[in-house]
Amino acid sequence: MPPSAQTIPAFTKVVTANKLNDGTVVFLDAHFQWTNDVAEAGIITAHSEVEDVLLIAERAKLTQQVVSAYNIDVALAPDDGGVTPLLLREKIRAFGPTT
């Protein structure tokens, strides 16, 4: 069931990075695995969660899976919960070049 406008949190972030072996943009999902699809990214909804999730991403950097992990602001669509990065730079990283 899609979230209603009342259930969408005001604070929404996801963690993104690049794969070390090929530079592919990836997002950390809710199971702490890396995915290429921003729609599968784990949504962070509390300020207190950000540092904990980034520590998990740091472990992936130590094992040389990814580089440059950081969190980005995203919006959730009220109708289907779709994830859209807020900054143009992050939209391009997630969806490709603009037209």
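A brief look at the structure comes next. (Residues numbered from 1 in each chain as written. Predicted model: local features only at pLDDT ≥ 70, side-chain atom pairs only at ≥ 80, totals over all residues. Heavy atoms only, no water.)

Points about helix α1 (residues 47-62)
At step 1: Given a rise of 1.5 Å per residue, 16 residues ought to cover 22 Å, and the 24 Å separating the end C-alpha atoms of α1 matches this to within 8%.
At step 2: Listed in full, the buried residues belonging to α1 are Val 50, Val 53, Leu 54, Ala 57 and Ala 60. The buried residues of α1 occupy an angular sector of 105° when the element is viewed end-on, so they sit on one face. Exposed side of α1, more than 90 degrees from the buried face: Ser 48, Glu 51, Leu 55, Arg 59 and Leu 62 are the residues found there.
At step 3: Following α1 by one or two positions, Gln 64 has its phi on the positive side, about 60°. (Helix = DSSP H or I, 4+ residues; strand = E, 2+ residues; numbered from the N terminus. Expected span 1.5 Å × (residues − 1). Buried < 20%, exposed > 50% of the residue type's maximum accessible area, 1.4 Å probe, protein only. Arc of directions from axis to C-beta.)

Considering the pattern of salt bridges
At step 1: Taken as a whole and judged by the stated rule, the model has 4 salt bridges.
At step 2: Between Lys 13 and Asp 73 there is a salt bridge, and its shortest N-O distance comes to 2.3 Å. Residue Lys 13 is located in strand β1 (residues 13-19), and its partner Asp 73 is located in strand β4 (residues 66-76); the two are separated by 60 residues in the primary sequence.
At step 3: Here the residues in one salt-bridge network are Arg 89, Glu 90 and Arg 93, joined through shared partners. (Salt bridge = Lys/Arg side-chain N within 4 Å of Asp/Glu carboxyl O.)

Some thoughts on the sheet that holds β4
At step 1: Taking strand neighbours across the sheet as the criterion, the 5 strands line up as β3-β2-β1-β4-β5 in an open arrangement whose pairing is antiparallel. Every interior strand has two partners, whereas the edge strands, β3 (34-35) and β5 (83-85), have only one.
At step 2: Relative to strand β2 (residues 25-28), β1 is paired through 3 bridges, and the arrangement is antiparallel. Of the residues in β2, the one forming a bridge with Thr 16 is Phe 27.
At step 3: Those strands touched by α1 are β1, β2, β3 and β4, and its axis lies near 145° from that of β4.
At step 4: Here helix α2 (residues 88-95) sits on the sheet and contacts β1, β2, β4 and β5; the angle it forms with β5, its principal contact strand, is near 130°. (Pairing = 2+ DSSP bridges. Contact = heavy atoms within 4.5 Å. Axes fitted to C-alpha atoms, helices over the stretch in contact; angles between N-to-C directions.)

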